[in-house]
Amino acid sequence: MNNDEIVKHVRGESEFIDDLDIPNNILYGTVFVSNVSHGKIEKIDIGNALSIKGVIRIIDYKDISGENQIGAIVKDEELLSEGEVRFIGDPILLILSEDRDSGKKALKEIKADISPLPVITDPRESFKAGNLVAPVRTFNKGDVDKGWDNCKFVVEGKVDSGGQEHFYMETQAAIAYPSEKDGVKVFSSTQSPTAVQKSISTVLKIPMNKIEVDVRRLGGAFGGKEDQATPWAVMAALGAFITKRPVKIVLSREDDIRITGKRHPFSSDFKIGLDDSCRIIAYEATFYQNCGAYADLSTAILERSLFHSTNSYFIPNVRVTGISCYTNLPPFTAFRGFGGPQAMFVMESAINRAAEVMKVDARIIQEKNLLKDGDIFPYGMVAKNCNIRLSWKKLDEYSDIENTFKKIEAFNKKNDLIKKGAAVIPVTFGISFTNKMMNQAGALVHIYTDGSVSVNTGAVEMGQGVNKKIINIASDTLSISPSLVRVESTNTTRVANTSPTAASSGADLNGMATRTACKVLSDRLANIAAEKFGVSSDKITFKDGMTCNIGNCDEMVWKDLINLAYSKRVSLSSHAYYTTPDIYFDKEKEKGKPFAYHVFGTALIEAELDVLRGTYKFTKVKIIHDVGKSLDIKTDLGQIEGGFIQGLGWMVLEELLFDDKGNIMTGSSSTYKIPDIRFVPDKLDVQIMEELKNPYAVLGSKAVGEPPFMYGIGGYFAVRNCIAAVSPDKKLPFDSPITPEKVLSYLAFADS
Ligand code: MOS
């Protein structure tokens, strides 16, 4: 990767929260949490905790001067529980101690008497009990009920997809310092500096201008720090505010896995109808979203499930319903794809079931129904600049899809102990926050008198390379070397009211604000040069750090121009602001144009199954992906490869298990398996369609963070097709992840 952050990462020079120098008077925060998944706190006995050497203070909800509330969308989540606990890990007390060990000792002293209340972990049960986070939502298009009459084949089924632990390398972390006049300065590992600032303001009851939140970089996030970094930062701020000492909270890996939210597990029903030419006539689906104990971002995530329910297909009659269900599990949250993957998995399952019934390859149905320009999505938006068919065609040109399947068939005829399988997976993903308001960003750019440039935006660097992209945008716009540009930490006093770095839109929004700010500066500088050369400013251009007068580029170097501007008392700073144009959504009608544009691509995934062992590997993967005109090709390739592997992990490997009491059964890296380098397919070939400039984002680029995740869905069906090669007539469930353990049980079941 070309991302200059990476060099520092590899050398171990990048500083994360836990690496920051700390003062001697720092206190460590340890959280005492509920050990039952639903109950009423009868009594808390802190025992001798306060007499343990080093323990300074134990904070409970009564110590909160403001509102004990951190719910971002629904006000349903207390920072520290006041009486009812709703999941194992629900925070009750904050212990502050001078070293980490005494905090741990204090934990052992404290006993909570909690009388149990009924526990629900299954979203369908929660639905039956009426425990909904929000009213049920339905997107409607055409007439589904009439649609069934025109179908030759109608099939129904159920689909389950598991949760997913983010497993960011850096666990949740924050350090808060008391600052002058009852303020706080907080270093937080968050995707949402402003959300942290707001919640601190609510809980501490101090105005936002007394709270400075600073974010240098995150050691990974993947959505897990969009909302769920907030409680730890607020607790650190609360501790600092009360004790007037700095407070540091860094979750242990075990606590992070046990306490914080993950990808929402979904349980869904589908019904799909096709005519005898493989055209999908009607599609119906119901998503039961397992929200866990608190709403968190669930309703926004479910909305994206509805938006992406038909993936890359044109379907004339659609009815999709989403239900957000409370359960007594950790509050499930944002995770790369934000509800899209779960819904697309249901669509692909429906197609695969239909294919089984119709005795055709799923790819035939997929290809037949791909979107084209002018097609209307179930939410009313018209497909424009639609490259999904093109990506399929390019994939076919490159890998000869039909021949790949034929070769696999021939191989399988000859081999009993090894079976091969393949799947094609098209992905269409909408770009913009579905909450229109959030599609805004600011940038503040300074040029110093030595010619170096400092860029501040609301974008948070979390390993995705957004800083590198912003550097490229600034250097391109100012026509100077990228080495002159530095991206500063994300800081709420420099760029205010930031949207989270999420929804794949970090570079789109903040990059465009950066470009605008740089353009303003470049125009100012052109005026200065024009004045000096006695020409009109339209004669002035900039190239590679030189000022060009009517195309003659050896006139003046960048630094001299900057000094000239300074000597003429011209401002070398600019703030700019960007909002995504032409997006809207009417929630009454559930229609609108919620996205600036879509990202498209198609992947072919081949797998090989060891029939005796149930183990499998992915032998060959080919991805054709649309990033528009890439802002940084290596960064984009890294995102595509990483996103795909993470999606594949979700679909086949990472099994998040809770028992029926709500205890996590996969609470460590020894029981929860994430992809490692040996899991990566032998041949992973990514090709981007770079000739396609995107008219709707900065410098013709496209967002890249989330869409490639969903190619992982193809891995599920490739493995499934290996099993089908062993036993073609068995009806397998749709239940992800399809772990080797499950595969072995399917094979055993197939033999009986
Ligand atoms: Mo992302 S899953 O929109 O933080």
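Above this text you will find the structure in question.
Remember, it's a predicted structure, so these values are computed and weren't measured experimentally. (Residues numbered from 1 in each chain as written. Predicted model: local features only at pLDDT ≥ 70, side-chain atom pairs only at ≥ 80, totals over all residues. Heavy atoms only, no water.)

## Quick notes on the sheet that holds strand 21 (residues 540-543)
(1) Moving on: The strand order 21-22-23 describes an open sheet built from 3 strands, whose pairing is antiparallel. Only two strands of the sheet have a single partner each, and these edge strands are strand 21 and strand 23 (552-557). When strand polarity is set aside, the average angle formed by the axes of neighbouring strands in this sheet is 40°.
(2) Moving on: Pairing geometry for strand 22 (residues 546-549) and strand 23, over 3 bridges, is antiparallel. Looking at the pairing, Asn549 lines up with Asn552 of strand 23.
(3) Moving on: Each of strand 21, strand 22 and strand 23 touches helix 14 (residues 506-533); the most contacted strand, strand 21, lies at about 120° to it. (Pairing = 2+ DSSP bridges. Helix = DSSP H or I, 4+ residues; strand = E, 2+ residues; numbered from the N terminus. Axes fitted to C-alpha atoms, helices over the stretch in contact; angles between N-to-C directions. Contact = heavy atoms within 4.5 Å.)

## Remarks on helix 5 (residues 193-204)
(1) Moving on: Helix length check: helix 5 (12 residues) gives 16 Å between terminal C-alpha atoms against 16 Å at 1.5 Å per residue, within 8%.
(2) Moving on: Counting buried residues along helix 5, 9 of its 12 residues qualify, which places the element largely inside the surrounding structure.
(3) Moving on: When we look at burial in helix 5, the residues that qualify are Pro193, Thr194, Val196, Gln197, Ser199, Ile200, Ser201, Val203 and Leu204.
(4) Moving on: Once helix 5 finishes, Lys205 follows within two positions and takes phi at roughly 60°, a positive value. (Expected span 1.5 Å × (residues − 1). Buried < 20%, exposed > 50% of the residue type's maximum accessible area, 1.4 Å probe, protein only.)

## Remarks on unusual backbone geometry
(1) Moving on: Along the chain, Ser736 connects to Pro737 via a cis peptide bond; the corresponding omega equals 0°.
(2) Moving on: As for its position among the elements, Pro737 is in the loop between strand 30 (734-736) and helix 18 (740-751).
(3) Moving on: Positive phi outside glycine occurs at Asn385, with the angle close to 45°.
(4) Moving on: Mapped onto the elements of the fold, Asn385 is located in the loop between helix 10 (362-368) and helix 11 (388-399).
(5) Moving on: The exposure class assigned to Asn385 is partly exposed, which follows from its relative accessible area of 35%.

## Considerations on the environment of Arg353
(1) Moving on: With respect to the helices and strands, the residue Arg353 is situated in helix 9 (residues 340-358).
(2) Moving on: Looking at Arg353, the relative accessible area reads 7%, which means it is buried.
(3) Moving on: C-alpha separation for the pair Arg353 and Val155, spaced 198 residues apart in sequence, amounts to 7.2 Å.
(4) Moving on: With near-sequence residues (within four places) excluded, Arg353 lies in contact with Val155, Glu156, Phe270, Arg720, Lys731, Leu732 and Phe734.
(5) Moving on: Polar contacts involving the side chain of Arg353 include one to the main-chain carbonyl oxygen of Leu732, which spans 3.3 Å. (Polar contact = N/O pair within 3.5 Å; in protein donor to acceptor, adjacent residues only side chain to side chain.)

## Concerning the side chain of Lys248
(1) Moving on: Take Lys248: it is sitting in strand 12 (residues 247-250).
(2) Moving on: Side chain to side chain, Lys248 and Asp18 meet in a polar contact 2.7 Å long.
(3) Moving on: Filtering out sequence-adjacent residues up to four positions away, Lys248 remains in contact with Ile17, Asp18, Ile22, Ile26, Leu27, Tyr28, Gly29, Arg100, Ala174 and Ile175.

## Thoughts on the sheet that holds strand 13 (residues 266-274)
(1) Moving on: What the 6 strands build is an open sheet, ordered 7-15-14-13-8-30; its pairing is mixed. Of all strands in the sheet, those with a lone pairing partner are strand 7 (137-141) and strand 30, marking the two edges. On average, adjacent strands in this sheet sit at an angle of 10° to one another, irrespective of strand direction.
(2) Moving on: Of the pairings in the sheet, the one linking strand 7 to strand 15 (residues 317-326) comprises 5 bridges and is antiparallel in character.

## Let's talk about the state of the cysteines
By definition, a disulfide links two cysteine residues through a covalent bond between their sulfur atoms.
(1) Moving on: Per the stated rule, a full pass over the model turns up 1 disulfide.
(2) Moving on: Across a sulfur-sulfur distance of 2.1 Å, Cys548 and Cys553 are joined as a disulfide pair. What sets the handedness of the Cys548 and Cys553 disulfide is the S-S torsion sign, and at about 100° it is right-handed.
(3) Moving on: Since its relative accessible area comes to 1%, Cys548 is described here as buried.
(4) Moving on: For Cys553, a relative accessible area of 25% puts it in the partly exposed group.
(5) Moving on: As a non-bridged cysteine, Cys386 has Cys278 as the owner of its nearest cysteine sulfur, 20 Å distant.
(6) Moving on: Considering cysteine sulfurs only, Cys548 is the nearest to Cys518, which forms no disulfide, with 18 Å between them. (Disulfide = S-S within 2.5 Å.)

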